[in-house]
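The lines below spell out each chain.
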Amino acid sequence: MKLSTRTRYGVRLMLDLAQKHGSGPVLLKDIAREEDLSEKYLSLIVLPLKASGLIKALRGASGGYTLSREPSEITLKEVVESLEGKIFLVDCLTDPRSCTRSGVCATRDVWQIVADKMTDVLESMTLADLVRTSREKSGTSSDYNI
């Protein structure tokens, strides 16, 4: 399984907003420049993030995007699911009727375990965790506290 570019860029966008949380709205063009991403592509990514209530758009001269909640309250699972949909690896995990072997298939159990572990990791990590990791990796200190 491979995460889509949309999800990878969406997580980067959310991390950027989390790093600047509390400093006011952030322009999409600034995120695009800092993250070396296409502003046009980011403008498509913000739509599902906004629709799922993870970010807010503010119009006007001092407009831009902000997180709708504290970074410590937004999990990576929420971000990934807003961009990818529900996390599952094979159809039979959500609809056993999609495969006649679902009831006797040993591999289905493996896919369920993998999906559960993936979900657990994404649920356990927040944007605040990513901010901390990013700062540790870049060697920058900050008075940012969550």
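Residues numbered from 1 in each chain as written. Predicted model: local features only at pLDDT ≥ 70, side-chain atom pairs only at ≥ 80, totals over all residues. Heavy atoms only, no water.

1. Considering the packing of helix α1 (residues 5-19) against helix α4 (residues 76-84)
Here is step 1: Orientation of α1 relative to α4, taken along the N-to-C sense of each, is 135°, at an axis distance of 9 Å. Accordingly, the angle class assigned to the pair α1 and α4 is oblique. Considering only the axes of α1 and α4, their crossing is right-handed. On the side of α1, the interface is formed by R6, T7, G10, V11 and M14, while α4 contributes L76, V79, V80, S82, L83 and E84.
Here is step 2: Here the residues of the contact of α1 with α4 are counted per class, giving 6 nonpolar, 3 polar and 2 charged. (Axes fitted to C-alpha atoms, helices over the stretch in contact; angles between N-to-C directions. Helix = DSSP H or I, 4+ residues; strand = E, 2+ residues; numbered from the N terminus. Parallel < 35°, antiparallel > 145°, perpendicular 65-115°, else oblique. Left-handed = near helix turned anticlockwise from the far one by under 90°. Contact = heavy atoms within 4.5 Å. Nonpolar A, V, L, I, M, F, W, Y, C, P; charged D, E, K, R; others polar.)

2. Topic: the nonpolar core
Here is step 1: Within the largest apolar cluster, 29 residues are counted, with the highest numbers of intra-cluster contacts made by L13, M14, L17 and L49.
Here is step 2: Secondary structure elements with two or more residues in this core: α1, α2 (28-35), α3 (39-51), β2 (64-67), α4 and α6 (127-138).
Here is step 3: Among the elements that make up this core, the one with the highest residue count is α1 (6 residues).
Here is step 4: Setting aside chain neighbours within four positions, we find L49 in contact with G10, L13, M14, L54, I55, V79, S82 and L83. (Core = buried A, V, L, I, M, F, W, Y, C linked by side-chain atoms within 4.5 Å. Buried < 20%, exposed > 50% of the residue type's maximum accessible area, 1.4 Å probe, protein only.)

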